[in-house]
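Now for the letters of each chain:
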4 protein chains.
Amino acid sequence: MSWNTFGRVLRFTTWGESHGPGLGAVIDGCPPGLPLTEADIQPFLDARRPGQSRYTTQRREADAVRILSGVFDAGEGQVTTGTPIHLMIENTDQRSKDYSQIAKSYRPGHADYAYDAKYGVRDYRGGGRSSARETAARVAAGAIARLIIPQVRLTAFVCELGGDAIDREAFDPQAIGENPFFCPDREAAKRWEALVDRARKDGSSLGAVVECVAHGVPAGWGAPVYGKLDADLASAMMSINATKGVEIGDGFEAARLTGEQNADPMRPGAAPDDPPVFDSNHAGGTAGGISTGQPVVVRVAFKPTSSILTPVASITADGQATEVATKGRHDPCVGIRGTPVVEAMMALVLADHRMLHRAQMAQR
Amino acid sequence: MSWNTFGRVLRFTTWGESHGPGLGAVIDGCPPGLPLTEADIQPFLDARRPGQSRYTTQRREADAVRILSGVFDAGEGQVTTGTPIHLMIENTDQRSKDYSQIAKSYRPGHADYAYDAKYGVRDYRGGGRSSARETAARVAAGAIARLIIPQVRLTAFVCELGGDAIDREAFDPQAIGENPFFCPDREAAKRWEALVDRARKDGSSLGAVVECVAHGVPAGWGAPVYGKLDADLASAMMSINATKGVEIGDGFEAARLTGEQNADPMRPGAAPDDPPVFDSNHAGGTAGGISTGQPVVVRVAFKPTSSILTPVASITADGQATEVATKGRHDPCVGIRGTPVVEAMMALVLADHRMLHRAQMAQR
Amino acid sequence: MSWNTFGRVLRFTTWGESHGPGLGAVIDGCPPGLPLTEADIQPFLDARRPGQSRYTTQRREADAVRILSGVFDAGEGQVTTGTPIHLMIENTDQRSKDYSQIAKSYRPGHADYAYDAKYGVRDYRGGGRSSARETAARVAAGAIARLIIPQVRLTAFVCELGGDAIDREAFDPQAIGENPFFCPDREAAKRWEALVDRARKDGSSLGAVVECVAHGVPAGWGAPVYGKLDADLASAMMSINATKGVEIGDGFEAARLTGEQNADPMRPGAAPDDPPVFDSNHAGGTAGGISTGQPVVVRVAFKPTSSILTPVASITADGQATEVATKGRHDPCVGIRGTPVVEAMMALVLADHRMLHRAQMAQR
Amino acid sequence: MSWNTFGRVLRFTTWGESHGPGLGAVIDGCPPGLPLTEADIQPFLDARRPGQSRYTTQRREADAVRILSGVFDAGEGQVTTGTPIHLMIENTDQRSKDYSQIAKSYRPGHADYAYDAKYGVRDYRGGGRSSARETAARVAAGAIARLIIPQVRLTAFVCELGGDAIDREAFDPQAIGENPFFCPDREAAKRWEALVDRARKDGSSLGAVVECVAHGVPAGWGAPVYGKLDADLASAMMSINATKGVEIGDGFEAARLTGEQNADPMRPGAAPDDPPVFDSNHAGGTAGGISTGQPVVVRVAFKPTSSILTPVASITADGQATEVATKGRHDPCVGIRGTPVVEAMMALVLADHRMLHRAQMAQR
């Protein structure tokens with residue numbers, strides 16, 4: 001959780017800029033013996049990959065991952081060895097000319113000014129380290145994390161786009177993969193086509209809310225007090241570019257409920273050894289920072305992409321007034337491609353906590 | 001950020017249960033030479049202290065802090081020495097009998113079941129380690145953190161209680177300390193008296209939203225990618241008992257804005273060396289995880305207290321169906337006393353980031 | 001491994017100065033359900049306790065430990081709960097007057113000058129935080145660590161004192177507890193009586209080498225590359241006051257052997273599932289930073305106590321020339337009481353690594 | 001200090017196996033604005049590079065480093081940006097056939113058995129992750145660390161080889177770079193030629209002791225208690241392949257001195273603001289874990305290379321008795337090429353501590 005490393009016993013470190021030769025992730029602490037080839041990672045990168053529909057940036061990146069260490073094939077298929085796994089993705093479509101203006105002026109809403117204020121130097125090609133391209137490394141790392149928690153099923157989706165929310169009654173998990181918005185409500189997906197099309201044509205942008213649900217997390221993962229499962233999820237999600245809010249379970253809505261409304265009644269499971277059954281899941285699957293066996297539910301707010309065609313007042317690097325309108329190839333709604341990133345971060349947090357739980361609890 | 005320790009170069013570790021002999025915090029990495037006596041800490045504990053109005057728990061704790069290490073008086077007043085500062089608070093009002101039922105049944109919404117599922121053993125007296133009493137240690141530690149960031153002015157307040165929000169036009173910082181709700185809107189404070197009174201009498205409970213604003217944070221604190229200022233604030237806030245959501249700046253509302261609406265235009269400062277002026281602060285004072293010089297704004301959702309008089313279905317520790325109604329001395333709205341805790345956590349995150357910034361940036 | 005915290009998943013943080021109200025350790029991450037009372041810790045503290053023979057300092061400290069958190073008795077005996085365990089020891093024999101001179105002059109070989117150079121302020125009463133009293137907290141923490149590695153048997157002893165080494169042929173583990181030097185060679189122990197007596201009477205001091213052997217560590221604990229078992233042991237031992245060297249297995253002697261001499265031949269164990277048998281243990285029980293199943297052997301060099309009666313040239317805090325002769329109550333050979341500290345640190349490192357191994361290896 | 005990451009605020013993570021496509025280091029936390037190109041790193045790698053004399057392994061690796069991130073040239077030369085610097089070195093000379101036997105049998109003294117015992121799977125080509133090739137990544141990272149501590153001058157050299165020590169009177173720093181042994185004593189270098197030649201021809205191997213001295217470290221770096229400068233140096237050195245011992249200053253010899261002999265008398269510096277002058281440096285430049293302003297002196301014991309031609313009893317991976325004689329291309333004395341690695345690790349520890357000191361001490 002510091003600078004470019006995340007996690008405790010399953011840790012990953014990412015490196016790379018938007019317009020450098022490439023980017024990567026070093027995953028450390030992965031259990032050995034897990035079957036792993038590039039084919040286990042690539043589908044997740046493909047889901048995040050730009051240029052797949054007209055609703056995302058037209059930058060074209062193959063985002064082909066290479067595993068450079070930490071695996072070995074002793075004759076029975078390639079498996080992890082328990083040593084650091086380095087995943088590398090080359091940058092292939094870097095039109096630096098698109099970004100020449102950023103060298104001199106600060107794009108409002110971007111990290112340009114903050115980076116210069118902090119570092120006094122900045123790789124201005126495409127945002128450098130602050131580019132959303134960094135999230136490709138997270139998605140690659142997330143694919144490794146999934147191998148460590150095979151009992152968990154993750155479902156991430158956009159539940160609200162440009163202020164237009166899905167109808168929970170129309171929720172169909174099948175739909176998520178069948179539209180360019182990771183939208184589980186087919187009607188909403190249709191409406192969003194028009195919304196995003198208009199924003200794209202206007203050079204405007206939209207925000208979104210992404211939800212991720214983890215089924216199959218057993219009771220007991222997480223730890224008080226500063227290592228709460230919720231706290232780690234919050235940190236993980238708020239570290240994603242353009243996120244401004246995180247909720248667990250009912251989130252801010254819980255603050256508007258009474259204690260009676262917010263209670264999640266428990267009943268004995270069907271069989272004596274079954275886990276308890278909950279009547280509701282306002283809590284989002286955690287209590288006291290520890291999983292309860294219910295689905296773990298996280299919601300993440302993505303602001304609208306800061307890159308817009310409308311000129312906005314700003315300053316130049318030497319302090320003069322200017323206006324900035326960002327041309328170029330941008331996602332009109334960065335929350336869409338943020339969906340696989342949210343899912344990856346959830347996998348990484350859960351895998352770390354599974355391993356931490358094992359460390360302390362021995363046999364369990 | 002792990003178990004019971006928070007922070008990187010300014011780190012604190014808390015210990016203690018609700019009904020043990022006491023609790024404490026060890027603060028490590030504090031700069032030397034800062035004047036520090038108990039009197040610098042006690043006022044913040046007093047603000048969090050229970051039993052001060054009829055709107056909070058009637059448990060009576062002096063919450064008197066003792067400094068057991070890390071300070072020295074060489075004749076010119078007591079100062080920090082740079083070595084670990086141990087702050088200890090004794091528990092004085094522990095009526096264990098109030099909690100006898102918890103030993104056998106799991107209180108819905110509490111961490112009882114999760115703790116047992118994880119640890120197989122649980123200090124059931126008052127919630128043990130999951131009790132909100134742990135936050136007293138945070139508030140004590142926060143008082144040390146404040147000494148490290150004298151340029152920062154923190155203002156935490158309840159901005160919504162039981163679904164009733166303050167009127168931002170009526171915001172008066174002076175009011176915050178003059179009502180039992182940390183409420184900056186005098187009219188709202190009056191309404192809340194009735195709200196909380198009713199909840200208390202009904203044995204019900206209410207949620208709240210707490211906002212904390214940090215003025216005076218210079219541009220440049222924070223760090224990409226997993227050590228973003230926002231990510232650390234999110235982790236810090238979500239580690240507080242009963243929190244279910246965290247927002248930076250406009251938070252979830254930002255997901256409903258267009259790029260144009262969400263932009264924070266920048267203009268040159270008045271004098272050549274002045275920092276830029278922003279026309280708005282949708283971002284809440286950060287960009288790319290780094291402070292921009294604008295006020296840092298965090299909002300935290302507190303669920304309603306889980307302890308309510310209305311019986312809720314639950315199970316016993318041996319898996320039988322039961323109903324639990326929680327008698328005893330509880331805060332009808334835990335978010336109220338959460339306010340000084342939010343402020344303390346913000347101080348701790350900012351102090352850590354100030355020191356991290358120094359580590360990397362040398363002269364600055 | 002940072003400031004006042006050691007460990008990764010089993011972590012402890014110590015606080016307290018020589019002449020403050022007390023000192024303590026917070027142990028975080030301990031598995032739950034382990035029977036623990038003060039009686040499980042006190043014997044180890046008693047072994048380190050000053051004033052037990054004329055060969056150690058005459059400072060009289062009860063060193064009585066109190067467990068202030070992290071344990072609970074639900075009716076079947078007190079056990080750990082998995083939450084932070086705070087162990088506290090009060091200081092009872094603090095004759096500050098003995099140390100009045102240190103306020104003005106730097107004792108050569110002590111940390112006085114370095115502390116002032118770093119912090120600009122210093123608790124000069126008895127060395128403050130740099131006092132060997134801090135090691136009491138380690139010994140207390142070590143007693144907890146032992147509970148986590150019941151399969152391991154630790155034996156620490158002084159193998160050389162004032163340049164006089166034990167005869168390995170005369171090694172009798174029984175003897176260690178029967179003389180004031182933790183000496184396994186009864187003849188050597190007799191010689192050391194005279195050695196230390198003379199040093200004590202002369203106001204001089206002696207160094208020592210302490211060895212610790214861990215039997216029962218299974219193959220597989222430890223981890224490449226920077227988390228090697230050897231690296232952690234080296235860090236742990238070099239963090240003890242007055243240590244100047246650490247060896248694993250043959251240590252520096254290995255640098256003088258040929259590859260043939262240094263080889264540890266392996267043979268199959270007696271039964272098919274038995275671990276291999278090694279003909280020798282030059283390696284000291286580790287290879288590539290991972291335990292091999294052989295006894296883990298560490299040796300630690302303690303310099304002679306810096307406090308001596310002979311005046312040594314020094315400077316005052318304001319830079320003037322002076323001479324310092326340290327009167328007061330000092331160990332003539334700090335290595336002797338360092339023995340239980342070495343053993344405690346080894347327990348803490350091994351317990352951490354056992355838990356780390358579990359985290360990554362699942363079933364094992 | 002955990003698995004494959006070392007450091008606190010200046011952190012590096014290494015990845016890569018002996019016979020994979022390459023290896024690398026991600027350096028995180030580096031200050032921005034430091035001029036950096038491959039040419040600043042390559043000379044240090046060249047010093048460690050194999051195949052440069054007949055006294056080291058004949059494996060031929062270009063060890064050409066590429067900087068893949070964390071630098072930028074805005075027109076005034078390439079500088080660090082403060083974001084993670086990824087350094088990558090491709091493996092070019094991997095004759096896997098040389099290592100086919102290792103797949104089936106455990107080489108005594110190597111990590112083969114320990115890795116299998118831990119992980120149950122092992123990249124047996126050239127030792128995989130346990131190969132000394134990993135140290136190339138450390139040397140590359142060390143070159144970055146040097147940029148952060150320009151005031152420090154590091155000198156590493158072999159002070160003993162095969163039991164034959166240098167004559168300290170004949171110490172000539174100029175000589176170190178003029179012989180293949182990093183030997184500062186020209187006479188000893190000549191003797192070592194014969195020693196190593198004989199070992200090489202016999203298929204035997206020799207150990208060595210490497211010393212590293214850091215001039216220019218100001219008083220005040222380091223921190224009690226578990227983050228002592230000495231403790232970090234010990235951890236850093238003991239993490240290098242084949243090391244078995246670490247000494248600070250007089251090390252084990254200090255255990256044989258009296259307090260009078262071991263004292264380092266201090267005198268006022270020449271001018272009022274000058275640091276004090278020490279008459280000797282038994283302490284090796286630290287006291288209480290903090291630098292004193294004297295040269296920091298570390299000594300590291302390297303065991304003889306485990307790969308020897310003489311057959312040694314061992315077991316196969318399925319537990320049968322066998323004998324292993326290691327043919328192939330090996331360093332007859334791994335300590336020689338360990339010299340630049342020791343120097344790199346010292347640079348990395350010191351740079352981390354300089355930055356930590358800045359974090360806590362503000363202006364200083």
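In case you missed it, the structure is sitting above this.
Residues numbered from 1 in each chain as written. Chains lettered and ligands numbered in written order. Predicted model: local features only at pLDDT ≥ 70, side-chain atom pairs only at ≥ 80, totals over all residues. Heavy atoms only, no water.

**Quick notes on the interface of chain A and chain B**
Here is step 1: Contact residues are listed per partner, giving 106 residues for chain A and 106 residues for chain B.
Here is step 2: Taken together, the two surfaces of chain A and chain B that pack against each other cover about 7,800 Å², and 62% of this comes from carbon and sulfur.
Here is step 3: Contact with chain B buries surface across chain A, with A:Trp3, A:Lys118 and A:Tyr226 losing the most and accounting together for 12% of the total.
Here is step 4: Our count for the contact surface shared by chain A and chain B stands at 2 salt bridges.
Here is step 5: The salt bridge partner of B:Glu160 is A:Arg256, with a shortest N-O separation of 2.5 Å.
Here is step 6: For the pair chain A and chain B, the interface holds 35 residue pairs in polar contact (both at pLDDT 80 or more).
Here is step 7: Looking at the side of chain A that touches chain B residue by residue, the classes come out as 53 nonpolar, 35 polar and 18 charged. (Contact = heavy atoms within 4.5 Å. Buried area = accessible area lost by both parts, 1.4 Å probe. Salt bridge = Lys/Arg side-chain N within 4 Å of Asp/Glu carboxyl O. Polar contact = N/O pair within 3.5 Å; in protein donor to acceptor, adjacent residues only side chain to side chain. Nonpolar A, V, L, I, M, F, W, Y, C, P; charged D, E, K, R; others polar.)

**Looking at the sheet that holds strand 7 (residues 85-90) of chain D**
Residues and elements named next belong to chain D.
Here is step 1: Taken in spatial order, the 5 strands of this open sheet run 1-2-3-7-4, and their pairing is antiparallel. The open sheet has two free edges, formed respectively by strand 1 (5-6) and strand 4 (65-67), since each of these has just one partner strand.
Here is step 2: Pairing of strand 1 with strand 2 (residues 11-16) involves 2 bridges; the strand directions are antiparallel. From the neighbouring strand, phenylalanine 6 faces strand 2, where its bridge partner is phenylalanine 12.
Here is step 3: Taken strand by strand, helix 3 (residues 134-148) contacts strand 2, strand 3 (22-28) and strand 7, and its axis lies near 35° from that of strand 3. (Pairing = 2+ DSSP bridges. Helix = DSSP H or I, 4+ residues; strand = E, 2+ residues; numbered from the N terminus. Axes fitted to C-alpha atoms, helices over the stretch in contact; angles between N-to-C directions.)

**Examining the relation of the copies chain A and chain B**
Here is step 1: Laying chain A over chain B is done by rotating through 180° and shifting 0.0 Å along the axis; what remains is an RMSD of 0.0 Å. The transformation just described matches what one would write down for a two-fold rotation axis. Ranked by how close their C-alpha atoms come to the rotation axis, the residues of chain A are headed by A:Ser235, at 2.4 Å.
Here is step 2: The fraction of interface residues of chain A whose copies in chain B are also interface residues reaches 100%, indicating that both copies meet through the same surface. (Least-squares fit on C-alpha atoms with pLDDT ≥ 70 in both.)

**Remarks on the environment of A:Cys159**
Residue and element names in this part refer to chain A.
Here is step 1: Structurally, cysteine 159 is set in strand 8 (residues 153-161).
Here is step 2: Residue cysteine 159 is classed as buried on the basis of its relative accessible area, which comes to 6%.
Here is step 3: Counting along the chain gives 95 residues from cysteine 159 to alanine 64, while the straight-line C-alpha distance between them is 29 Å.
Here is step 4: Those residues in contact with cysteine 159, other than ones at most four positions away along the chain, are Asp164, Ala165, Ile166, Arg168, Trp192, Val209, Glu211 and Arg299. (Buried < 20%, exposed > 50% of the residue type's maximum accessible area, 1.4 Å probe, protein only.)

**Points about the packing of aromatic side chains**
Here is step 1: All told, the structure shown has 42 aromatic pairs over all chains when counted by the stated rule.
Here is step 2: Ring centres of D:Tyr106 and D:Tyr113 lie 5.5 Å apart, and the angle between their planes is 65°; this geometry places the pair in the edge-to-face category.
Here is step 3: By relative accessible area, D:Tyr106 is classed as buried at 5%.
Here is step 4: Members of the aromatic cluster, each reached through a chain of ring pairs, are A:Phe6, A:Phe12 and B:Tyr226.
Here is step 5: When the ring centre of A:Tyr119 is taken as reference, the NZ or CZ atom of A:Lys118 above it lies at 5.9 Å. (Phe/Tyr/Trp six-rings, centres within 6.5 Å; stacked < 30°, edge-to-face > 60°. Lys NZ or Arg CZ within 6 Å of the ring centre and 35° of its normal.)

**Details of the sheet that holds strand 3 (residues 22-28) of chain A**
Residue and element names in this part refer to chain A.
Here is step 1: Spatially, the 5 strands line up as an open sheet ordered 1-2-3-7-4, and their pairing is antiparallel. One side of each edge strand has no neighbouring strand; the edge strands of this open sheet are strand 1 (5-6) and strand 4 (65-67).
Here is step 2: The pairing of strand 2 (residues 11-16) with strand 3 spans 6 bridges and is classified as antiparallel. Considered in strand 3, the bridge of phenylalanine 12 is made with isoleucine 27.
Here is step 3: Of the strands in this sheet, strand 2, strand 3 and strand 7 (85-90) are in contact with helix 3 (residues 134-148), which crosses strand 3 at around 35°.

**Describing unusual backbone geometry**
Here is step 1: Note the cis peptide between C:Pro224 and C:Val225, where omega equals -5°.
Here is step 2: Relative to the assigned elements, C:Val225 resides in the loop between strand 10 (208-215) and helix 5 (229-238).
Here is step 3: If you check the backbone angles, A:Asp63 has positive phi at about 50° while not being a glycine.

**Some remarks on the relation of the copies chain C and chain D**
Here is step 1: Each copy of the sequence occupies a distinct position, and chain C is placed on chain D by a rotation of 180° and an axial shift of 0.0 Å, giving an RMSD of 0.0 Å.
Here is step 2: Interface residue correspondence from chain C to chain D reaches 100%, placing this contact among same-surface, isologous pairings.

**Let's talk about helix 2 (residues 112-119) of chain A**
Here is step 1: When you tally the buried positions in helix 2 of chain A, you get 7 out of 8 residues, the bulk of the element.
Here is step 2: Within helix 2 of chain A, the full set of buried residues consists of A:Asp112, A:Tyr113, A:Ala114, A:Tyr115, A:Asp116, A:Lys118 and A:Tyr119.
Here is step 3: Buried residues in helix 2 of chain A make contact with strand 12 (266-267), strand 13 (277-278), strand 14 (286-287), strand 15 (290-291) and helix 7 (334-361) of chain B.
Here is step 4: Two residues or fewer after helix 2 of chain A comes A:Gly120, characterised by a positive phi angle close to 75°.

**Some thoughts on the packing of helix 5 of chain C against helix 5 (residues 229-238) of chain D**
When two helices pack together, their arrangement is given by the angle between the helix axes and the distance between those axes.
Here is step 1: Between helix 5 of chain C and helix 5 of chain D, the shortest axis-to-axis distance is 7 Å and the interhelical angle comes to 160°. For the element pair helix 5 of chain C / helix 5 of chain D, the angle class is roughly antiparallel. As for the relative orientation of helix 5 of chain C and helix 5 of chain D, their crossing is right-handed in sense. In this structure, helix 5 of chain C uses C:Asp230, C:Ala231, C:Ala234, C:Ser235 and C:Met238 to contact helix 5 of chain D, whose residues at the interface are D:Asp230, D:Ala231, D:Ala234, D:Ser235 and D:Met238.
Here is step 2: Of the residues assigned to the contact of helix 5 of chain C with helix 5 of chain D, the class counts are 6 nonpolar, 2 polar and 2 charged. (Parallel < 35°, antiparallel > 145°, perpendicular 65-115°, else oblique. Left-handed = near helix turned anticlockwise from the far one by under 90°.)

**Brief notes about the side chain of C:Asp197**
Here is step 1: Structurally, the position occupied by C:Asp197 is in helix 4 (residues 186-202).
Here is step 2: For C:Asp197, the contacting residues outside a window of four places in its chain are C:Arg54, C:Tyr55 and C:Trp192.

**Re the interface of chain C and chain D**
Here is step 1: In this assembly, 106 residues from chain C lie in contact with 106 residues from chain D.
Here is step 2: Carbon and sulfur atoms make up 62% of the surface buried where chain C meets chain D, a total of about 7,800 Å² over both sides.
Here is step 3: Considering only the surface of chain C that becomes buried against chain D, C:Trp3, C:Lys118 and C:Tyr226 emerge as the three largest contributors, covering 13% of it.
Here is step 4: For the pair chain C and chain D, the interface holds 2 salt bridges.
Here is step 5: Here chain C and chain D share 35 residue pairs in polar contact (both at pLDDT 80 or more) between them.
Here is step 6: Taken together, the residues of the side of chain C that touches chain D sort by class into 53 nonpolar, 35 polar and 18 charged.

**Quick word on the pairing of strand 18 (residues 321-324) of chain C**
All names here are of chain C.
Here is step 1: Across 4 bridges, the pairing between strand 17 (residues 312-315) and strand 18 is antiparallel. Each bridged residue has a counterpart across the sheet, and for isoleucine 315 the counterpart in strand 18 is alanine 321.
Here is step 2: Between strand 17 and strand 18, which pair antiparallel in sequence order, lie 5 residues; one of them, glycine 319, sits at a positive phi of approximately 90°.

Just distances and angles here, no functional claims.
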